[in-house]
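A closer look at the structure
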Amino acid sequence: MTPSKNPFSPRAKKDRIDSLAASTARDHGSPTATSVEEAKVSDAGSIGDEEGVSLWRSAWQRLRRNVVFLVGATIIVLFLVLSLIAPWIAPYDPTDRVLIDQVARQSNPVPGPQPGHPLGGDFRGRDLLSRLIVGSRQTLMVGVLATLGGLLGGVTLGTLAGAFGGWVDAAVMRVVDVLLSIPSLLMAFTIAAMFERPSQWTLITAIAIVQIPIFARLLRGSMLAQRKSDHVLAATALGVKRAPIVFRHMLPNSIGPVIVQATLVLATAIIDAAALSFLGLGNPDDRMPEWGQMLGQSQEYFNTFPHLAYYPALCIIVVALGFTLVGESLREALDPKSRR
(Lines give C-alpha, C1' and ligand atoms only; values in the text may rest on other atoms or scores of the structure.)
Protein backbone atom coordinates (compact mmCIF):
# COMPACT_ATOMS: atom_id res chain seq x y z
CA MET A 1 0.00 0.00 0.00
CA THR A 2 1.39 3.35 -0.99
CA PRO A 3 1.97 5.72 1.88
CA SER A 4 -0.16 8.85 1.85
CA LYS A 5 1.59 12.10 0.94
CA ASN A 6 2.10 14.53 3.77
CA PRO A 7 -0.16 17.54 2.96
CA PHE A 8 2.13 19.86 4.93
CA SER A 9 5.37 18.89 3.18
CA PRO A 10 7.19 21.55 1.10
CA ARG A 11 6.57 19.61 -2.10
CA ALA A 12 2.84 19.45 -1.41
CA LYS A 13 2.75 23.19 -0.71
CA LYS A 14 4.55 23.91 -4.02
CA ASP A 15 2.09 21.69 -5.92
CA ARG A 16 -0.87 23.52 -4.40
CA ILE A 17 0.62 26.94 -5.25
CA ASP A 18 1.27 25.88 -8.89
CA SER A 19 -2.27 24.49 -9.14
CA LEU A 20 -3.74 27.69 -7.74
CA ALA A 21 -1.66 29.84 -10.14
CA ALA A 22 -2.77 27.77 -13.13
CA SER A 23 -6.41 27.99 -12.05
CA THR A 24 -6.16 31.76 -11.62
CA ALA A 25 -4.50 32.12 -15.01
CA ARG A 26 -7.30 30.17 -16.71
CA ASP A 27 -9.95 32.26 -14.98
CA HIS A 28 -8.43 35.65 -15.78
CA GLY A 29 -6.72 34.86 -19.07
CA SER A 30 -3.22 35.77 -17.83
CA PRO A 31 -0.21 33.73 -18.97
CA THR A 32 1.39 31.26 -16.60
CA ALA A 33 5.11 30.98 -16.04
CA THR A 34 5.22 28.01 -18.35
CA SER A 35 3.38 29.85 -21.12
CA VAL A 36 5.67 32.87 -20.67
CA GLU A 37 8.76 30.67 -21.01
CA GLU A 38 7.26 29.01 -24.09
CA ALA A 39 6.49 32.43 -25.54
CA LYS A 40 10.09 33.53 -24.96
CA VAL A 41 11.40 30.41 -26.65
CA SER A 42 8.97 30.88 -29.50
CA ASP A 43 9.91 34.53 -29.95
CA ALA A 44 13.61 33.74 -29.80
CA GLY A 45 13.28 31.08 -32.43
CA SER A 46 11.02 32.97 -34.83
CA ILE A 47 11.63 36.00 -37.04
CA GLY A 48 8.33 37.70 -36.24
CA ASP A 49 5.58 39.22 -38.33
CA GLU A 50 7.26 42.62 -38.85
CA GLU A 51 8.86 43.32 -42.21
CA GLY A 52 12.61 43.81 -42.38
CA VAL A 53 14.00 47.31 -42.84
CA SER A 54 16.63 47.99 -45.49
CA LEU A 55 19.82 49.89 -44.72
CA TRP A 56 18.74 53.02 -46.58
CA ARG A 57 15.27 53.00 -45.03
CA SER A 58 16.77 52.62 -41.57
CA ALA A 59 19.14 55.50 -42.33
CA TRP A 60 16.23 57.69 -43.47
CA GLN A 61 14.32 56.96 -40.26
CA ARG A 62 17.31 58.22 -38.29
CA LEU A 63 17.92 61.21 -40.56
CA ARG A 64 14.38 62.48 -40.14
CA ARG A 65 15.10 63.05 -36.45
CA ASN A 66 18.59 64.49 -37.01
CA VAL A 67 18.56 68.29 -36.62
CA VAL A 68 21.97 68.64 -38.32
CA PHE A 69 20.72 66.80 -41.39
CA LEU A 70 17.53 68.86 -41.55
CA VAL A 71 19.48 72.11 -41.40
CA GLY A 72 21.86 71.00 -44.16
CA ALA A 73 19.02 69.66 -46.32
CA THR A 74 17.14 72.94 -45.95
CA ILE A 75 20.16 74.91 -47.13
CA ILE A 76 20.64 72.61 -50.12
CA VAL A 77 16.97 72.70 -51.13
CA LEU A 78 16.90 76.50 -50.96
CA PHE A 79 20.10 76.65 -53.01
CA LEU A 80 18.69 74.30 -55.65
CA VAL A 81 15.40 76.17 -55.89
CA LEU A 82 17.23 79.49 -56.13
CA SER A 83 19.46 78.14 -58.90
CA LEU A 84 16.51 76.84 -60.91
CA ILE A 85 14.38 79.99 -60.75
CA ALA A 86 17.21 82.53 -60.62
CA PRO A 87 16.53 84.20 -64.01
CA TRP A 88 12.90 84.81 -63.06
CA ILE A 89 13.38 86.20 -59.55
CA ALA A 90 16.45 88.38 -60.16
CA PRO A 91 15.35 92.05 -59.94
CA TYR A 92 17.51 93.05 -62.92
CA ASP A 93 19.48 91.49 -65.72
CA PRO A 94 22.94 90.75 -64.28
CA THR A 95 24.56 92.30 -67.34
CA ASP A 96 22.60 95.58 -67.33
CA ARG A 97 24.56 98.54 -66.03
CA VAL A 98 21.56 100.13 -64.37
CA LEU A 99 23.67 102.19 -61.92
CA ILE A 100 26.36 103.29 -64.34
CA ASP A 101 25.39 106.95 -63.88
CA GLN A 102 26.46 106.69 -60.22
CA VAL A 103 29.87 105.17 -60.97
CA ALA A 104 32.68 107.70 -60.73
CA ARG A 105 36.19 106.28 -60.93
CA GLN A 106 37.70 108.76 -58.50
CA SER A 107 34.94 109.70 -56.07
CA ASN A 108 32.47 106.78 -56.06
CA PRO A 109 33.63 103.69 -57.99
CA VAL A 110 31.00 101.40 -56.40
CA PRO A 111 27.35 102.49 -55.87
CA GLY A 112 26.10 101.80 -52.36
CA PRO A 113 22.79 100.32 -51.16
CA GLN A 114 19.72 102.34 -52.16
CA PRO A 115 15.99 101.86 -52.79
CA GLY A 116 15.52 99.19 -55.45
CA HIS A 117 19.10 97.99 -54.98
CA PRO A 118 19.40 96.66 -51.40
CA LEU A 119 23.01 95.50 -51.86
CA GLY A 120 24.05 98.31 -54.16
CA GLY A 121 25.99 97.76 -57.37
CA ASP A 122 29.42 96.63 -58.47
CA PHE A 123 32.24 98.59 -60.05
CA ARG A 124 30.47 98.50 -63.44
CA GLY A 125 27.11 99.66 -62.19
CA ARG A 126 25.42 96.25 -62.26
CA ASP A 127 22.97 95.27 -59.53
CA LEU A 128 24.87 93.14 -56.98
CA LEU A 129 21.84 91.22 -55.69
CA SER A 130 20.87 90.14 -59.20
CA ARG A 131 24.39 88.92 -59.90
CA LEU A 132 24.44 86.92 -56.67
CA ILE A 133 21.12 85.26 -57.49
CA VAL A 134 22.02 84.40 -61.08
CA GLY A 135 25.53 83.37 -60.03
CA SER A 136 24.09 80.56 -57.93
CA ARG A 137 23.20 78.68 -61.12
CA GLN A 138 26.75 78.77 -62.48
CA THR A 139 28.19 77.81 -59.10
CA LEU A 140 25.85 74.82 -58.86
CA MET A 141 26.62 73.72 -62.41
CA VAL A 142 30.39 73.83 -61.84
CA GLY A 143 30.15 71.91 -58.56
CA VAL A 144 27.75 69.24 -59.81
CA LEU A 145 29.47 68.60 -63.15
CA ALA A 146 32.92 68.46 -61.54
CA THR A 147 31.67 66.01 -58.90
CA LEU A 148 29.95 63.83 -61.51
CA GLY A 149 33.11 63.77 -63.61
CA GLY A 150 35.24 62.79 -60.64
CA LEU A 151 32.65 60.20 -59.56
CA LEU A 152 32.55 58.60 -63.01
CA GLY A 153 36.33 58.40 -63.27
CA GLY A 154 36.75 57.18 -59.70
CA VAL A 155 34.07 54.49 -60.07
CA THR A 156 35.74 53.24 -63.25
CA LEU A 157 39.20 52.95 -61.68
CA GLY A 158 37.87 51.61 -58.38
CA THR A 159 35.82 48.94 -60.14
CA LEU A 160 38.81 47.79 -62.19
CA ALA A 161 41.04 47.60 -59.11
CA GLY A 162 38.48 45.91 -56.88
CA ALA A 163 37.16 43.45 -59.47
CA PHE A 164 40.38 42.15 -60.99
CA GLY A 165 42.94 42.56 -58.22
CA GLY A 166 46.50 41.42 -58.89
CA TRP A 167 48.60 43.53 -61.21
CA VAL A 168 45.57 45.59 -62.33
CA ASP A 169 44.91 46.60 -58.74
CA ALA A 170 48.58 47.39 -58.16
CA ALA A 171 48.86 49.54 -61.31
CA VAL A 172 45.68 51.50 -60.64
CA MET A 173 46.54 52.11 -57.01
CA ARG A 174 50.02 53.35 -57.81
CA VAL A 175 48.50 55.99 -60.10
CA VAL A 176 45.99 56.88 -57.39
CA ASP A 177 48.76 57.15 -54.78
CA VAL A 178 50.69 59.56 -56.98
CA LEU A 179 47.60 61.75 -57.46
CA LEU A 180 46.81 61.72 -53.75
CA SER A 181 50.37 62.72 -52.86
CA ILE A 182 49.86 66.10 -54.57
CA PRO A 183 47.80 68.75 -52.71
CA SER A 184 44.40 68.91 -54.39
CA LEU A 185 44.29 72.67 -54.92
CA LEU A 186 47.84 72.73 -56.29
CA MET A 187 47.04 69.95 -58.76
CA ALA A 188 43.81 71.67 -59.84
CA PHE A 189 45.75 74.91 -60.33
CA THR A 190 48.37 73.09 -62.45
CA ILE A 191 45.77 71.34 -64.62
CA ALA A 192 43.77 74.53 -65.19
CA ALA A 193 46.93 76.47 -66.09
CA MET A 194 47.81 73.91 -68.78
CA PHE A 195 44.91 75.03 -70.97
CA GLU A 196 45.51 77.86 -73.39
CA ARG A 197 42.38 79.79 -72.43
CA PRO A 198 40.66 79.59 -69.06
CA SER A 199 36.96 78.84 -69.25
CA GLN A 200 34.21 77.24 -67.27
CA TRP A 201 34.95 73.83 -68.78
CA THR A 202 38.65 73.96 -67.93
CA LEU A 203 37.59 74.70 -64.37
CA ILE A 204 35.24 71.70 -64.30
CA THR A 205 37.88 69.42 -65.84
CA ALA A 206 40.58 70.42 -63.37
CA ILE A 207 38.36 69.87 -60.32
CA ALA A 208 36.99 66.57 -61.66
CA ILE A 209 40.48 65.13 -62.15
CA VAL A 210 41.39 66.08 -58.59
CA GLN A 211 38.39 64.18 -57.21
CA ILE A 212 38.98 60.93 -59.16
CA PRO A 213 41.53 59.31 -56.78
CA ILE A 214 39.28 59.94 -53.75
CA PHE A 215 36.39 57.98 -55.23
CA ALA A 216 38.68 55.32 -56.71
CA ARG A 217 40.36 54.43 -53.41
CA LEU A 218 37.08 54.42 -51.48
CA LEU A 219 35.29 52.17 -53.97
CA ARG A 220 38.26 49.84 -54.29
CA GLY A 221 38.33 49.29 -50.52
CA SER A 222 34.59 48.57 -50.42
CA MET A 223 34.82 46.11 -53.32
CA LEU A 224 37.74 44.25 -51.76
CA ALA A 225 35.59 43.73 -48.68
CA GLN A 226 32.75 42.46 -50.87
CA ARG A 227 35.00 39.91 -52.59
CA LYS A 228 35.16 37.89 -49.36
CA SER A 229 31.46 38.15 -48.53
CA ASP A 230 29.28 35.02 -48.46
CA HIS A 231 27.05 35.91 -51.40
CA VAL A 232 30.02 36.60 -53.69
CA LEU A 233 31.76 33.37 -52.66
CA ALA A 234 28.52 31.45 -53.24
CA ALA A 235 28.07 32.97 -56.70
CA THR A 236 31.67 32.13 -57.57
CA ALA A 237 31.21 28.54 -56.37
CA LEU A 238 28.12 28.21 -58.56
CA GLY A 239 30.14 29.17 -61.61
CA VAL A 240 28.73 32.67 -62.18
CA LYS A 241 30.94 34.71 -64.50
CA ARG A 242 33.03 37.61 -63.26
CA ALA A 243 31.02 40.39 -64.93
CA PRO A 244 27.64 39.49 -63.34
CA ILE A 245 29.32 39.06 -59.96
CA VAL A 246 30.93 42.51 -60.21
CA PHE A 247 27.94 44.46 -61.54
CA ARG A 248 25.12 42.60 -59.77
CA HIS A 249 26.67 41.72 -56.42
CA MET A 250 29.85 43.65 -55.63
CA LEU A 251 29.28 47.10 -57.15
CA PRO A 252 25.69 47.70 -55.90
CA ASN A 253 26.72 46.77 -52.35
CA SER A 254 29.86 48.93 -52.49
CA ILE A 255 28.48 52.12 -53.98
CA GLY A 256 26.81 53.41 -50.77
CA PRO A 257 29.91 54.96 -49.14
CA VAL A 258 30.87 56.49 -52.50
CA ILE A 259 27.52 58.27 -52.78
CA VAL A 260 27.92 59.62 -49.26
CA GLN A 261 31.42 60.85 -50.13
CA ALA A 262 30.01 62.60 -53.22
CA THR A 263 27.99 64.96 -51.03
CA LEU A 264 31.14 65.94 -49.14
CA VAL A 265 33.16 66.28 -52.34
CA LEU A 266 30.49 68.55 -53.82
CA ALA A 267 31.14 71.05 -51.05
CA THR A 268 34.88 70.82 -51.73
CA ALA A 269 34.30 71.25 -55.47
CA ILE A 270 32.39 74.50 -54.92
CA ILE A 271 35.19 75.86 -52.72
CA ASP A 272 37.92 74.77 -55.18
CA ALA A 273 36.02 76.35 -58.07
CA ALA A 274 35.78 79.60 -56.16
CA ALA A 275 39.52 79.45 -55.39
CA LEU A 276 40.49 78.88 -59.02
CA SER A 277 38.12 81.62 -60.22
CA PHE A 278 39.61 83.94 -57.61
CA LEU A 279 43.05 83.24 -59.11
CA GLY A 280 41.78 84.04 -62.60
CA LEU A 281 41.61 80.47 -63.91
CA GLY A 282 37.83 80.34 -64.17
CA ASN A 283 35.44 81.73 -66.73
CA PRO A 284 36.75 85.19 -67.74
CA ASP A 285 33.37 86.26 -69.17
CA ASP A 286 31.70 88.21 -66.35
CA ARG A 287 28.44 88.31 -68.28
CA MET A 288 27.90 84.87 -66.72
CA PRO A 289 28.38 85.67 -63.02
CA GLU A 290 29.75 83.03 -60.68
CA TRP A 291 30.45 83.49 -56.97
CA GLY A 292 34.14 82.66 -57.19
CA GLN A 293 34.53 84.99 -60.14
CA MET A 294 32.79 87.80 -58.23
CA LEU A 295 35.08 87.16 -55.29
CA GLY A 296 38.15 87.50 -57.51
CA GLN A 297 36.94 90.71 -59.13
CA SER A 298 36.33 92.32 -55.75
CA GLN A 299 39.96 92.17 -54.56
CA GLU A 300 40.81 95.48 -56.24
CA TYR A 301 38.20 97.28 -54.13
CA PHE A 302 38.45 95.19 -50.97
CA ASN A 303 40.04 97.88 -48.78
CA THR A 304 37.32 100.44 -49.41
CA PHE A 305 34.33 98.28 -50.42
CA PRO A 306 34.74 94.92 -48.65
CA HIS A 307 31.05 94.05 -49.05
CA LEU A 308 31.77 93.13 -52.69
CA ALA A 309 33.73 90.15 -51.32
CA TYR A 310 31.67 89.46 -48.21
CA TYR A 311 28.42 88.61 -50.00
CA PRO A 312 29.74 85.99 -52.48
CA ALA A 313 32.06 84.55 -49.82
CA LEU A 314 29.13 84.17 -47.42
CA CYS A 315 27.09 82.41 -50.12
CA ILE A 316 29.93 79.97 -50.81
CA ILE A 317 30.41 79.23 -47.10
CA VAL A 318 26.71 78.62 -46.43
CA VAL A 319 26.21 76.31 -49.41
CA ALA A 320 29.38 74.34 -48.67
CA LEU A 321 28.26 74.04 -45.05
CA GLY A 322 24.91 72.63 -46.18
CA PHE A 323 26.47 69.87 -48.26
CA THR A 324 28.96 69.10 -45.48
CA LEU A 325 26.21 68.74 -42.87
CA VAL A 326 24.21 66.42 -45.11
CA GLY A 327 27.26 64.32 -45.98
CA GLU A 328 28.36 63.90 -42.37
CA SER A 329 24.82 63.01 -41.30
CA LEU A 330 24.55 60.40 -44.04
CA ARG A 331 27.88 58.91 -43.03
CA GLU A 332 26.77 58.57 -39.40
CA ALA A 333 23.37 57.15 -40.37
CA LEU A 334 24.92 54.47 -42.59
CA ASP A 335 27.73 53.59 -40.16
CA PRO A 336 26.89 50.33 -38.32
CA LYS A 337 28.94 51.41 -35.28
CA SER A 338 26.80 54.50 -34.73
CA ARG A 339 23.58 52.47 -34.90
CA ARG A 340 24.42 50.36 -31.87
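It should be noted that the structure appears before, not after, this text.
The paragraphs below set out a description of the structure included in this document. Since we're looking at a predicted model, the values are computed, not measured.

Rules and cut-offs
Residues numbered from 1 in each chain as written. Predicted model: local features only at pLDDT ≥ 70, side-chain atom pairs only at ≥ 80, totals over all residues. Heavy atoms only, no water. Helix = DSSP H or I, 4+ residues; strand = E, 2+ residues; numbered from the N terminus. Contact = heavy atoms within 4.5 Å. Areas by Shrake-Rupley, 256 points an atom, 1.4 Å probe, with all protein chains shown as cover. Expected span 1.5 Å × (residues − 1). Bend = angle between axes of the 7 residues up to and from the residue. Phe/Tyr/Trp six-rings, centres within 6.5 Å; stacked < 30°, edge-to-face > 60°. Buried < 20%, exposed > 50% of the residue type's maximum accessible area, 1.4 Å probe, protein only. Patch = residues over 30% accessible without salt bridge, like charges linked within 9 Å, V, L, I, M, F, W, Y side chains within 5 Å. Salt bridge = Lys/Arg side-chain N within 4 Å of Asp/Glu carboxyl O. Core = buried A, V, L, I, M, F, W, Y, C linked by side-chain atoms within 4.5 Å. 1 Å grid on protein atoms, 1.4 Å probe; cavity = no way out; pocket = protein on both sides within 12 Å on 5 of 7 lines; lining within 4 Å. Points joined across faces, edges and corners; volume = space filled by probe spheres on them. Nonpolar A, V, L, I, M, F, W, Y, C, P; charged D, E, K, R; others polar.

This next bit is on the overall build of the protein chain. Along the protein chain, the regular secondary structure elements total 12 helices and 0 strands. When the elements of the protein chain are put in sequence order from the N terminus, they spell out α-α-α-α-α-α-α-α-α-α-α-α. Considering only residue pairs separated by 6 or more positions, the protein chain has 72% of its internal contacts joining residues 24 or more positions apart. Put simply, the protein chain shows about 19,900 Å² of open surface, and 63% of that area lies on carbon and sulfur atoms.

Turning our attention to helix H10 (residues 242-278). Helical periodicity: at 3.6 residues per turn, an α-helix aligns residues three or four positions apart in one direction. For H10, which comprises 37 residues, the first-to-last C-alpha distance of 47 Å sits more than 12% below the rise-based estimate of 54 Å (1.5 Å per residue). Maximum bend of H10: about 45 degrees, positioned at leucine 251, with proline proline 252 one to four residues after it. Following H10 by one or two positions, glycine 280 has its phi on the positive side, about 90 degrees.

This part covers the packing of aromatic side chains. Under the defined criterion, the tally for this structure stands at 3 aromatic pairs. Between phenylalanine 79 and tryptophan 291 the ring centres are 5.7 Å apart and the planes differ by 40 degrees, which places this aromatic pair in the tilted class. Note that phenylalanine 79 is positioned in helix H4 (residues 67-89) and tryptophan 291 in helix H11 (residues 291-297), a separation of 212 residues in sequence. Across the pair, tryptophan 291 and phenylalanine 79 agree in class, each one buried.

Before going further, it helps to spend a moment on a nonpolar patch on the surface. The grouping of Val77, Val81, Leu84, Ile85, Trp88 and Ile89 at the surface amounts to a nonpolar patch, some 610 Å² of accessible area in total. Following the sequence through the fold, isoleucine 89 ends up in helix H4.

On to the nonpolar core, then. Note that soluble globular proteins tend to have their nonpolar side chains buried in a common cluster. Residues Phe79, Val110, Trp291, Tyr301, Leu308, Val319 and Phe323 are the most contacted members of the largest nonpolar core, which totals 29 residues. Every element with two or more residues in this core is listed here: helix H3 (55-63), H4, helix H5 (128-164), H10, H11 and helix H12 (307-334). The greatest single-element share of this core, amounting to 9 residues, is contributed by H12. With sequence-adjacent residues up to four places away left out, leucine 308 is seen in contact with Val110, Gly121, Asp122, Leu128, Met294, Ser298 and Tyr301. Counting residues in each nonpolar core, the second largest holds 15 residues, with Val142, Ala188, Ala192 and Ala206 among its members.

Over the atoms rolls a probe the size of a water molecule, and its path tells where empty space is left. Counting across every chain of the model gives 2 cavities of 30 Å³ or more. What lines the largest cavity is simply Asp122, Phe123, Arg126, Leu128, Arg131, Met294, Gln297, Ser298 and Leu308. Sorting the residues of the lining of the largest cavity by element identifies H5 and H11 as the ones contributing at least two each. The residue inventory of the lining of the largest cavity, partitioned by class, reads 4 nonpolar, 2 polar and 3 charged. Volume-wise, the second largest cavity comes out at about 60 Å³.

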